[in-house]
Amino acid sequence: MKQTISVLVENQAGVLNRITGLFSRRAFNIDSLAVGVTDDPAISRITIIVDSGNSVVEQVEKQLNKLIEVIKVRTIPEDKMIGRELVLLKVNATNKTRQDIMTICDIMGAKVTDISPTSMTLELSDTPDRIDTFEAMLRPFSILEVARTGMIALQKGGGKI
Amino acid sequence: MNGAQALIESLRREGVERIFGYAGATICPAVDALREVPEIAYTLVRTEQNAGHMASGYARVSGKTGVCMVTSGPGATNLITGIATAYLDSIPMVAITGQVPSYLLGRDIFQEVDITGAVAPFSKHSYLVKDASQIPRVVREAFHIASTGRPGPVLIDIPIDIQEGRLEEFHWPEEVNIRGYKPSVRGNDLQIKRVAEAIAKARQPLICAGGGVWLAGAREELVELAETARIPVVKTMMGIGLMPTNHPLNMGMVGAHGNHCANQALAKSDLLIMVGTRAADRAITAPDEIQRRMATIHIDVDPAEIGKNMQAAVPLVGNVKVILRQLLEGGVPVTDSAAWREKLRDYRAAELSRQFPRREGYVFPGTVMRKLGGKLEDNAVVCVDVGQNQIFTCKYLPQKHGRLLTSGGLGTMGYALPAAIGVKAAQPERQTLVVCGDGSFQMAMNELAAVACAGMDLKILLFRNNTLGLVHQIQSRAPYHGPFGVALDGSPDFGKIAGAYGIPSLTVNDEDQLDGAISRFLEEPGPCLMICDVHPDVSTTD
């Protein structure tokens, strides 16, 4: 089962190394990991997606908590979470196919960020599932490159971790 | 004041009285600063790994944080095993390494390695100092982290230009406040109540005590709990000595290499109370089965240990000493365990009266241990290496009120001699003994220099079987095809080696002469080596 762990850490050199090192050392598998600074420049938020059972996730949380630079760890339940991922996707596009690609973009709510006589670069921010669908819909046109950020997440409502 | 002086001043303020180290170019400023501070003694090791082991032995008997200091590159990489050994046994240690100039970091210059990166998987924390003014804060935090919660090694890597850099002012933080590090101390009151309830219901309760009890300084509380509630006690290898061997509730060491009676007790108990132990594979060989068959309580300072190897019915997180006090103050029920204790006493008696085999021209290690135990002082420290010597000592050496120190987690050969040197540095008057095999002794015998140099009254008992005994034993069973690559051919005359350092020695190969030899060995006024000849086919299960 995919679970989302949100981790607040000191924004210092080497912290990411400790976190990823911990995952490999303890044989935990990561689906995705996204890092960025928070409203407090001294603190970064790392969002980690793990595909494991509850006991493994509990152990991941505990091991993360042992790292000195980790300030808070919280697993966000799916029904209480807003999760988004950003994708940039470059696809082959000709005069013939451009309109069809635009239709898919319209349906999915994606934007065209760049265009050339032979290609289009598209941008979509959505849940990982919908991004998978978007990618699948574009595959017949021949995708040239994809860059995905991995999901970031916050919990719904006024609370914070 | 420069960074190096700030470092040494910070160590002084932390109460450091001894550093085990090995100098090299990038640590020279710090070593130079040490010259002006007579309160801190310095022991020069012969290889950096042993600086870690000495700091470990020092820490384990003194209760203080051990300190070692080496140079960059190979100095730091040699120390790695010392750090990993301390990490696996949760020993409070601060390791200081010199580093190449900060402005050259990453260029692979002479004696540069990324040591903070290298030790990340087996250190509690590490610092790479990039500003001399941060040194006092870093040292303060490092000692706090190393010694509180679940103790462990912390590394401070200091580039030489930072050691040489000027400090505008020396700012010593009175308090340490790390927002991501707040170890639990007190146990949850509700859980304490649940523990008491579980104890009240048990008919066949058992305490399994580990190294965490020693680390928390909770031996008295543990014994008081066992005696008040009338609960027998087994120990892991790291917990040996928490209860004297002749205590009626003591059931010996549990685990794959443990005492039969301890394992019988573990298999048959209806309530297992694990205190300061991580239920590691060597001690608790079948955690799933235990979980299924009996109620379990797990008391540990590290929440991550709860549920890692074994899921306990009642987890209790906090300082073991504080928790045991809470339990005792809340009133511990007296268990209705008379029949159980009676049964265990029979198991124990059978184990203690067990006959060891005899072989002409050799002594049996178990026999040596039984005889040695009777002659040791009440609070003696025995440092034991890794291999058959470790198992025989842990299983059969009678414990009184002393300590048994060994590398239980990592199983590092060559640990015992340097650890014992650390013990002697902390407590010169305390009777201290090394037990090792001819394999492990050859991994550390260069440290006899420290023994000779200080004229340390250290006794070294060496089991000589001219093979790597435990591997020999493993290879003698399926799926292997017999001992290979383990014969210690070419070993020197160990008596002559000791003699070259000015240390006397004696050799025993006759059990009838054991008593006299052990007495002579222990009564020798200074250091002494006793070589015991052991047959290579001896097994720890004999």
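Residues numbered from 1 in each chain as written. Chains lettered and ligands numbered in written order. Predicted model: local features only at pLDDT ≥ 70, side-chain atom pairs only at ≥ 80, totals over all residues.

Some remarks on the overall build of chain B
Looking only at helices and strands, one finds 22 helices and 18 strands in chain B. Against the compact-globule benchmark of 24 Å for 542 residues, chain B has a radius of gyration of 24 Å, which places it among compact chains. Dimensions of chain B along its principal axes, counting C-alpha atoms only, are 70 × 60 × 45 Å. When each of the 542 residues of chain B is scored for burial, the buried share is 56%. (Helix = DSSP H or I, 4+ residues; strand = E, 2+ residues; numbered from the N terminus. Rg over C-alpha atoms; globule rule 2.2 N^0.38 Å. Buried ≥ 20, exposed ≤ 12 C-beta atoms within 10 Å, placed from the backbone.)

A word on the overall build of chain A
Summing up its helical and strand segments, chain A has four helices and nine strands in all. Its helices and strands taken in sequence order, chain A reads β-α-β-β-α-β-β-α-β-β-α-β-β from the N to the C terminus. Within chain A, the proportion of its 161 residues that are buried is 25%. Contacts in chain A between residues far apart in sequence, at least 24 positions, make up 72% of those at least 6 positions apart. (Contact = placed C-beta atoms within 7 Å.)

With respect to the domain arrangement of chain A
All names here are of chain A. As far as domains go, chain A holds domain 1 (2-76) and domain 2 (82-154). A C-alpha centroid distance of 28 Å is found between domain 1 and domain 2. Domain 1 puts eight residues into the contact, and the matching count from domain 2 is six residues. Looking at the side of domain 1 that touches domain 2, the elements that each hand over two or more residues are β1 (2-10), β2 (30-37) and β3 (43-51). (Domains from an automatic or database assignment.)

Digging into the pairing of strand β1 (residues 18-22) of chain B
All names here are of chain B. In terms of burial, β1 is largely enclosed, as five of its five residues are buried. Every second residue of β1 is oriented toward a common face, with Arg-18, Phe-20 and Tyr-22 on one face and Ile-19 and Gly-21 on the other, all of them buried. Bridge count between β1 and strand β2 (residues 41-44): four bridges; the pairing is parallel. Residue pairing in the sheet places Ile-19 in a bridge with Tyr-42 of β2. Once the chain exits β1 it traverses helix α2 (residues 28-34) before rejoining the sheet at β2, and the crossover so formed is right-handed. (Pairing = 2+ DSSP bridges. Right-handed = clockwise from strand over helix to strand, strands pointing away.)

A short note on the interface of chain A and chain B
Listed by partner, the interface residues are 16 residues for chain A and 14 residues for chain B. Going through the elements one at a time, α1 (15-25), α2 (54-66) and β4 (70-76) of chain A are the ones with two or more residues in the side of chain A that touches chain B. Here the element with the most residues in the side of chain A that touches chain B is α2 of chain A; it accounts for six residues. Among the residues making up the side of chain A that touches chain B, the classes are represented as three nonpolar, six polar and seven charged. (Nonpolar A, V, L, I, M, F, W, Y, C, P; charged D, E, K, R; others polar.)

Thoughts on the domain arrangement of chain B
Residues and elements named next belong to chain B. The domain architecture assigned to chain B consists of domain 1 (3-164), domain 2 (189-351) and domain 3 (355-533). Computed over C-alpha atoms, the centres of domain 1 and domain 2 are 36 Å apart. Counting residues at the interface gives six residues for domain 1 and six residues for domain 2. Its residues assigned to classes, the side of domain 1 that touches domain 2 comprises one nonpolar, three polar and two charged.

Brief notes about the environment of Pro-151 of chain B
All names here are of chain B. Relative to the assigned elements, Pro-151 resides in the loop between α6 (135-147) and β6 (153-159). For Pro-151, a count of 23 C-beta atoms within 10 Å puts it in the buried group. Contact partners of Pro-151, with chain neighbours within four places excluded, come to Ser-90, Ile-91, Pro-92, Ala-146 and Leu-215.

Thoughts on the environment of Val-60 of chain A
Looking at the secondary structure, you find Val-60 of chain A in helix α2. Apart from residues no more than four positions distant in its own chain, Val-60 of chain A is found in contact with Ile-5, Phe-28 and Val-50 of chain A.

Quick look at the packing of helix α8 (residues 189-201) of chain B against helix α13 (residues 320-330) of chain B
Residue and element names in this part refer to chain B. Where α8 contacts α13, the two axes come as close as 10 Å, and the packing angle between them is 65°. Here the hand of the crossing between α8 and α13 comes out right-handed. Where α8 abuts α13, its residues Ile-192, Val-195 and Ala-196 lie against Gln-326, Leu-327 and Gly-330. For the contact of α8 with α13, the residue count by class is four nonpolar, two polar and no charged. (Axes fitted to C-alpha atoms, helices over the stretch in contact; angles between N-to-C directions. Left-handed = near helix turned anticlockwise from the far one by under 90°.)

A short note on the sheet that holds strand β7 (residues 205-209) of chain B
All names here are of chain B. If you trace the six strands from one edge of the open sheet to the other, you get β9-β8-β7-β10-β11-β12, paired in parallel fashion. Each of the sheet's edge strands pairs with one partner strand only, and the pair in question is β9 (250-253) and β12 (314-317). Looking at each pair of strands side by side, their axes are set apart by 15° on average, direction ignored. Of the strand pairs in this sheet, strand β11 (residues 295-300) and β12 are connected by four bridges, and their pairing is parallel. Pairing of Ile-297 across the sheet is with Val-314, part of β12.

Observations concerning helix α3 (residues 48-62) of chain B
Spanning 15 residues, α3 of chain B covers 21 Å between terminal C-alpha atoms, matching the ideal 21 Å at 1.5 Å per step. In the segment just after α3 of chain B, Gly-63 of chain B is the residue with positive phi, at about 80°. (Expected span 1.5 Å × (residues − 1).)

Re the environment of Asn-319 of chain B
All names here are of chain B. Relative to the elements of secondary structure, Asn-319 occurs in the loop between β12 and α13. Under the C-beta neighbour-count criterion, Asn-319 is labelled buried, with 26 such atoms within 10 Å. Counting along the chain gives 19 residues from Asn-319 to Asp-300, while the straight-line C-alpha distance between them is 7.0 Å. With sequence-adjacent residues up to four places away left out, Asn-319 is seen in contact with Val-185, Ala-216 and Val-301.

Let's talk about the packing of helix α11 (residues 260-268) of chain B against helix α14 (residues 338-352) of chain B
All names here are of chain B. As a packed pair, α11 and α14 sit with axes 8 Å apart at the nearest point and diverge in direction by 160°. With respect to α14, the axis of α11 lies roughly antiparallel. Considering how the two elements wind past one another, α11 and α14 form a crossing that is right-handed. Here His-260, Cys-261, Gln-264 and Ala-265 of α11 lie close against α14, whose contacting residues are Leu-344, Tyr-347, Arg-348 and Glu-351. For the contact of α11 with α14, a count of residues per class yields four nonpolar, two polar and two charged. (Parallel < 35°, antiparallel > 145°, perpendicular 65-115°, else oblique.)

Let's talk about unusual backbone geometry
In this chain, Ala-478 of chain B is followed by Pro-479 of chain B through a cis amide linkage whose omega measures 10°. You can see Pro-479 of chain B is positioned in the loop between α20 (469-475) and α21 (494-500). Look at Ala-27 of chain A: it is not a glycine, yet its phi comes out positive at around 60°. Residue Asp-108 of chain B is not a glycine yet carries a positive backbone phi of 60°. Within the fold, Asp-108 of chain B resides in the loop between β4 (93-99) and α5 (115-119).

Describing the sheet that holds strand β5 (residues 125-128) of chain B
Residue and element names in this part refer to chain B. Here we have six strands laid out as an open sheet, ordered β2-β1-β3-β4-β6-β5, and parallel in their pairing. Strands at the two margins of the open sheet, each flanked by one partner only, are β2 and β5. With strand direction ignored, the average angle separating the axes of adjacent strands in the sheet is 20°.

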